[in-house]
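Observations on the three-dimensional arrangement
Read off the chains here:
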Amino acid sequence: MMSRNTMKVARSVIGHMGPRYFSTATARGGATTLLNGSPFKGDKVVVTWMRFPALGARNASTLALGDKQQEEDKKKVHGGATGAAAGGGGGNNNDKAIMSYWGVEPTKVTKEDGSEWRWNCFKPWETYKADLSIDLKKHHAPVTFLDKVAYWTVKALRFPTDIFFQRRYGCRAMMLETVAAVPGMVGGLLLHCKSLRRFEHSGGWIKALLEEAENERMHLMTFMEVAQPRWYERALVFTVQGVFFNAYFLAYLTSPKFAHRIVGYLEEEAIHSYTEFLKELDKGNIENVPAPAIAIDYWRLPANSTLRDVVMVVRADEAHHRDVNHFASDIHYQGHELKEAPAPIGYH
């Protein structure tokens, strides 16, 4: 048996939490329909359901009250929210739909022409025009022992990739971008933790590496619109990404210089692959389809751009990643920490 004090506490909790987590409604004259679709026969019924406050969705009920009753409830909710906004605090705002992780209703973003911005993964101020004049033939000659290990490691990894994908450059690009987005995230993560441990700034390198990872991920989102992966290619992603993530994590812990040099040589190979991709497009072996909408907005391309234009800007991005990672490796070689040398300005 529950004591009187326990009963009082329980009633007090229910009294405070009840209006927030439980709601009631009364339906009359056959307006109620049970979940299984059968009508409820009776003059009236009081329905109680539990409310689950969640960001991004309205509170849901476990029982449908009929179309008419739902429309009335919606009008009450919208009317209450409007009245609260106009009255400066009256009413319950918990019923208002919130479409943001932080619980703040996002503002509407539009393009320069006034049309609505369609992407949530990036905003207009994060877009850019790729520098197509960047030197694509630049190569870092391996000098030290670690440089040579990094160079021949990347060359060895290219051999099975060429055998598996051969001239299917669309699938090849999509597959490689699932791996290319890993180094920046791993490096940014480890530098972030190091900055926290040492109570010091990173010289902008955390942001630079995370931007690199995000840029590579946008490459993947673009090529997903062009090439649809097969089931075994998706399975291969799990294996390759799992192995590469852990291997690169250990490599970065052991020697950031070596890890950045590996990425620099990987980007050199990526430039070579996209150059071959362009050759196949020019020969007509690969259809030069219209550019995906996400690519047009992300790289600020003309509306009539094609797949060839997309490959051009992606290749320019890879050349920039090549220079950044070779520069990061050179800093370590000279005995300086990344935090002491500022990251390259104007990442995009």
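About the cut-offs
Every chain is numbered on its own, with residues counted from 1 as its sequence reads. Confidence filtering applies because this is a predicted model: local features only for residues at pLDDT of at least 70, side-chain atom pairs given and counted only at 80 or more, and all residues used for totals across whole chains, interfaces and linings. In computing side-chain values, all of the structure's heavy atoms are included and hydrogens and water are not. In DSSP terms, a helix is any run of H or I states spanning at least four residues, a strand is any run of E spanning at least two, and both are numbered starting from the N terminus. Only protein chains enter the calculation, and the probe is 1.4 Å; a residue is then buried if its accessible area is under 20% of its type maximum, exposed if over 50%, and partly exposed in between. A residue counts as positive if it is Lys or Arg and as negative if it is Asp or Glu; His and the chain ends are not included. Salt bridges are defined as contacts in which a side-chain nitrogen from Lys or Arg sits within 4 Å of a carboxyl oxygen from Asp or Glu. Here a polar contact means two N or O atoms within 3.5 Å. Within protein one must be a hydrogen donor candidate and the other an acceptor candidate, and residues neighboring in sequence count only if both atoms are side-chain atoms. Whether two residues are in contact is decided by their heavy atoms, any of which lying within 4.5 Å being enough. Only buried residues count toward a nonpolar core, which is a set of Ala, Val, Leu, Ile, Met, Phe, Trp, Tyr and Cys residues joined through side-chain atoms within 4.5 Å. Two rings belonging to Phe, Tyr or Trp (six-membered ring only in the last case) form a pair when the distance between their centres is within 6.5 Å. Interplanar angles under 30 degrees mark stacking, angles over 60 mark edge-to-face geometry, and anything in between is tilted. Think of pLDDT as the predictor's per-residue confidence, scored from 0 to 100. Every axis in this analysis is a line fitted to C-alpha atoms, fitted for helices over the stretch in contact. Angles between the N-to-C directions lie between 0 and 180 degrees. Any angle that falls under 35 degrees is termed roughly parallel, while one over 145 is termed roughly antiparallel, one within 65 to 115 roughly perpendicular, and all others oblique. Helix crossings fall into two classes, left-handed where the near helix is turned counterclockwise from the far one by less than a right angle and right-handed where it is turned clockwise. Three categories are distinguished: nonpolar for Ala, Val, Leu, Ile, Met, Phe, Trp, Tyr, Cys and Pro, charged for Asp, Glu, Lys and Arg, and polar for the others, with Gly belonging to the last. Here the expected span of a helix is defined as 1.5 Å times the quantity of residues minus one.

1. Structural notes on the side chain of Glu268
Secondary-structure assignment places Glu268 in helix α8 (residues 256-283). The side chain of Glu268 is buried and forms no salt bridge, while Arg322, the nearest opposite charge, is found at 5.6 Å. Polar contacts involving the side chain of Glu268 include one to the side chain of His139, which spans 2.7 Å. With residues near it in sequence (within four places) discarded, Glu268 still touches Lys138, His139, His140, Arg322 and His326.

2. Topic: the nonpolar core
Core analysis: the largest hydrophobic core is formed by 33 residues, its most contacted members being Phe223, Tyr274, Phe277, Trp299 and Val311. Of all the secondary structure elements, the ones that give two or more residues to this core are α4 (169-180), α6 (205-223), α8, α9 (293-298) and α10 (307-333). In terms of residues, this core owes the most to one element, α10, which gives 7 residues. Other than its neighbours up to four places away in sequence, Tyr274 contacts Ala173, Glu177, Phe223, Val311, Val314, Arg315 and Glu318. Residues Leu209, Tyr252, Ala259 and Ile331 belong to the second largest nonpolar core, which totals 16 residues.

3. Brief notes about the packing of aromatic side chains
Counting across every chain of the model gives 13 aromatic pairs. Judged by centre distance (5.5 Å) and plane angle (90 degrees), the ring pair of Trp117 and Phe122 falls under edge-to-face. The class of Trp117 is buried, set by a relative accessible area of 10%. Exposure remark for Phe122: the relative accessible area of 2% places this residue in the buried category. Taking 5.2 Å as the distance between ring centres and 75 degrees as the angle between the ring planes, the aromatic pair formed by Tyr151 and Tyr265 counts as edge-to-face.

4. Re the confidence of the model for the protein chain
For the protein chain, mean pLDDT is 75; residues scoring 70 or higher make up 64% of the total. Element-level pLDDT for the protein chain is lowest in strand β2 (residues 44-50), with a mean of 46, against a maximum mean of 94 in helix α5 (residues 182-198).

5. Observations regarding the environment of Val324
Looking at the secondary structure, you find Val324 in helix α10. Given the relative accessible area of 3%, Val324 is considered buried. For the pair Val324 and His260, spaced 64 residues apart in sequence, the C-alpha separation works out to 8.8 Å.

6. Section: the packing of α4 against α6
At a closest axis distance of 8 Å, the pairing of α4 and α6 adopts a crossing angle of 155 degrees. Here α4 lies roughly antiparallel to α6, going by the angle between them. In this structure, α4 meets α6 at a crossing whose hand is left-handed. Here α4 contributes Ala173, Met174, Glu177, Thr178 and Ala180 to the contact with α6, which in turn contributes Glu216, His219, Leu220 and Phe223. Among the residues forming the contact of α4 with α6, the class breakdown is 5 nonpolar, 2 polar and 2 charged.

7. Observations regarding α5
Along its 17 residues, α5 runs 24 Å from first to last C-alpha, staying within 8% of the 24 Å computed at 1.5 Å per residue. When we look at burial in α5, the residues that qualify are Val182, Pro183, Gly184, Val186, Gly187, Gly188, Leu190, Leu191, Lys194 and Ser195. Next to the buried residues of α5 lie α4, α6, α7 (231-254) and α8. Two residues or fewer past α5, Phe199 is found with a positive phi of approximately 55 degrees.

8. Concerning the pattern of salt bridges
For the coordinates displayed, the defined rule picks out 13 salt bridges. The partner of Asp323 in a salt bridge is Lys138, with the nearest N and O atoms 3.8 Å apart. Here Asp323 is found in helix α10, whereas its partner Lys138 is found in the loop between α2 (67-87) and α3 (145-165), with 185 residues between them in sequence. Under the relative-accessibility criterion, Asp323 is labelled partly exposed at 23%. Judged by its relative accessible area of 43%, Lys138 falls in the partly exposed class. Between Glu214 and Arg217 there is a salt bridge, with its nearest N and O atoms 2.9 Å apart. Here the residue Glu214 and the residue Arg217 both occupy positions in helix α6, the gap between them amounting to 3 residues, near one helical turn. One continuous salt-bridge network, built from bridges that share partners, spans Asp147, Lys257, Arg261 and Asp330.

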